[in-house]
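A look at the structure
The residues making up each chain are set out below.
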Amino acid sequence: MADVPSRLGQARLIAVLRVPAPELVEPAVDALVAGGIEAVELTFTTPGVAAELAAARRRHPDILLGAGTI
């Protein structure tokens, strides 16, 4: 956790993902990571986001993953 500010500075971009349905989260996060995005925030306006955060962490353990609109 201590290196989070440093990693955020290096990433220089945080993708904020807000989608209307939980089944849209996985393909969106996968596409962001495939495109080189290293920091992703999932908003709590997305239904079922808690489970999707856990799933994204399992699929992409090295990305910076955040929760927003809490």
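Here, every reference points to the structure presented above.
Here's what I pulled together on the structure shown here. (Residues numbered from 1 in each chain as written. Predicted model: local features only at pLDDT ≥ 70, side-chain atom pairs only at ≥ 80, totals over all residues. Heavy atoms only, no water.)

So, about the overall build of the protein chain. Looking only at helices and strands, the protein chain has three helices and three strands in total. Secondary structure elements of the protein chain, listed N to C terminal, follow the sequence α-β-α-β-α-β. Here the protein chain has a C-alpha radius of gyration of 11 Å; the compact-globule value for 70 residues is 11 Å, and the two agree. Across its three principal directions, the C-alpha atoms of the protein chain cover 30 × 25 × 20 Å. Taking all 70 residues of the protein chain together, the buried fraction comes to 31%. Put simply, the protein chain shows about 4300 Å² of open surface, and 60% of that area lies on carbon and sulfur atoms. Mean positive and mean negative side-chain charge positions of the protein chain (6 and 8 charges, respectively) differ by 4 Å. (Helix = DSSP H or I, 4+ residues; strand = E, 2+ residues; numbered from the N terminus. Rg over C-alpha atoms; globule rule 2.2 N^0.38 Å. Buried < 20%, exposed > 50% of the residue type's maximum accessible area, 1.4 Å probe, protein only. Areas by Shrake-Rupley, 256 points an atom, 1.4 Å probe, with all protein chains shown as cover. Lys, Arg positive; Asp, Glu negative; His and termini not counted. Charge placed at Lys NZ, Arg CZ, Asp CG, Glu CD.)

Moving on to the nonpolar core. Looking at soluble globular proteins, one finds that nonpolar side chains tend to be buried together. Counting 12 residues, the largest nonpolar core is built from Ala15, Leu17, Val19, Val25, Val29, Ile37, Val40, Leu42, Val49, Leu53, Ala56 and Ile63. Contributing elements (two or more residues each) for this core: β1 (15-17), α2 (25-34), β2 (39-43) and α3 (49-59). A total of three residues in this core trace back to one element, the largest contributor, which is α3. What Leu17 contacts, discounting residues up to four positions off in sequence, is Val25, Ala28, Val29, Glu41, Leu42, Thr43 and Thr46. (Core = buried A, V, L, I, M, F, W, Y, C linked by side-chain atoms within 4.5 Å. Contact = heavy atoms within 4.5 Å.)

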